[in-house]
Amino acid sequence: MSYAPGRKYRPQRGSSVGLPPNFFAKWWDTLRQRDILLRVGLFLAVAVLLWVITGGGIPQFAYRTGDVPARKIVTRVDFQLENTAETDNRRAEARRLAEVVYVNDIRPLDERRQELIDKVGKIVEVESFAVLEADEGLLAIWREFSPTDPERPAGEDKRRFDALKSFFKAGMQDNRYDEAVRKAIEPLHKLGLLREHKPAIGSQASVLVRDKDSTRGFMQAKIEEIRIDKQLGPLKTRLDAEFKGPAMSADEHAGTVLDLTWTWLESRLPETLTLDKEATAKVAE
């Protein structure tokens, strides 16, 4: 009996038995899809862009603070180093030129004006010059207006006293004396008065002034505008103008009263400015 020779059994490939494809095959099939390729390309482009922006392609600087290079290095950019000596010099110069700050309190000036008016009133109320001479207190007040002068003619003090009484008798109703003194002194309120300006640091030519009882800011003032000795001349000029103005020009005794008033006021102008150390330090910073 004849028969065909037997065949050997050969197992078929995995695909023929329904085995799933491996991971790499699935990944490759997915990657080949067009929309996936586009997304991957965009991701890579963004990654490269960020890498460039953040300097990822620039090697780290080879030197650090305090390093001493072994060879000469030519920089590609300019470097600025602080000149500490020059900085200190400029700061010192700024402090030297900074303006000192003063606080202006006008009350001493108003009090001095009121003192003048009160003392004149006391003298005017005395009945006669003989009564004044007999009272040591009144005579002391009078000597503030008319100091003893050996070269003064006999009877001159009495003539001055009588002129003062006549002046006030004629103008008693309109307070012309008080008004004249007030108008002459009032301009001194703006910047104030100082006897001497000798700060350890700061400008020697000008200062800054602020009012004590006002929120108004600083006002700049030249030294000659606040020094008492420099303001005596302008004050005398204003007094002359007031006593020779229309309200008094017809009074023959106005000149004598002006002389008495100026003698008293000239040496008694008070300081109204005090140094503001805190504000001065801030200005000098």
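Residues numbered from 1 in each chain as written. Predicted model: local features only at pLDDT ≥ 70, side-chain atom pairs only at ≥ 80, totals over all residues. Heavy atoms only, no water.

Below, the discussion takes up the packing of helix H4 (residues 107–124) against helix H8 (residues 176–185). For the pair H4 and H8, the least separation of the axes is 11 Å and the interaxial angle reads 155°. With respect to H8, the axis of H4 lies roughly antiparallel. Helix-helix and strand crossings are classified by hand; for H4 and H8 the assignment is right-handed. Contacts between H4 and H8 pair Leu109, Arg113, Leu116, Ile117 and Val120 from the former with Tyr177, Asp178, Val181, Arg182 and Ile185 from the latter. Across the contact of H4 with H8, the residue classes break down as seven nonpolar, no polar and three charged. (Axes fitted to C-alpha atoms, helices over the stretch in contact; angles between N-to-C directions. Helix = DSSP H or I, 4+ residues; strand = E, 2+ residues; numbered from the N terminus. Parallel < 35°, antiparallel > 145°, perpendicular 65-115°, else oblique. Left-handed = near helix turned anticlockwise from the far one by under 90°. Contact = heavy atoms within 4.5 Å. Nonpolar A, V, L, I, M, F, W, Y, C, P; charged D, E, K, R; others polar.)

Now for the confidence of the model for the chain. Confidence in the prediction for the chain averages 83 pLDDT; 78% of positions are at 70 or higher. Least confident of the elements in the chain is helix H3 (residues 84–97), whose mean pLDDT is 62; most confident is helix H6 (residues 136–145), at 97. Contacts for the low-pLDDT stretch residues 13–17, under 50 throughout, to residues beyond four places or in other chains number one contact. (pLDDT = per-residue confidence, 0-100.)

Okay, helix H9 (residues 228–243) next. Compared with the 22 Å implied by 1.5 Å per residue over 16 residues, the 22 Å span of H9 between its first and last C-alpha is a close match. If you check which residues of H9 are buried, you get Ile228, Gln231, Leu232, Leu235, Leu239, Asp240 and Phe243. Looking at the packing, one finds that the buried side of H9 touches helix H7 (156–170), H8 and helix H10 (254–266). (Expected span 1.5 Å × (residues − 1). Buried < 20%, exposed > 50% of the residue type's maximum accessible area, 1.4 Å probe, protein only.)

So, about the nonpolar core. Within the largest apolar cluster, 38 residues are counted, with the highest numbers of intra-cluster contacts made by Leu164, Tyr177, Phe243 and Leu269. Breaking this core down by element, the ones donating at least two residues are H4, helix H5 (129–134), H6, H7, H8, H9 and H10. The biggest single contributor to this core is H10, with seven residues. Judged by nonpolar contacts, the second largest core, of eleven residues, contains Val100, Leu194, Met219 and Ile226. (Core = buried A, V, L, I, M, F, W, Y, C linked by side-chain atoms within 4.5 Å.)

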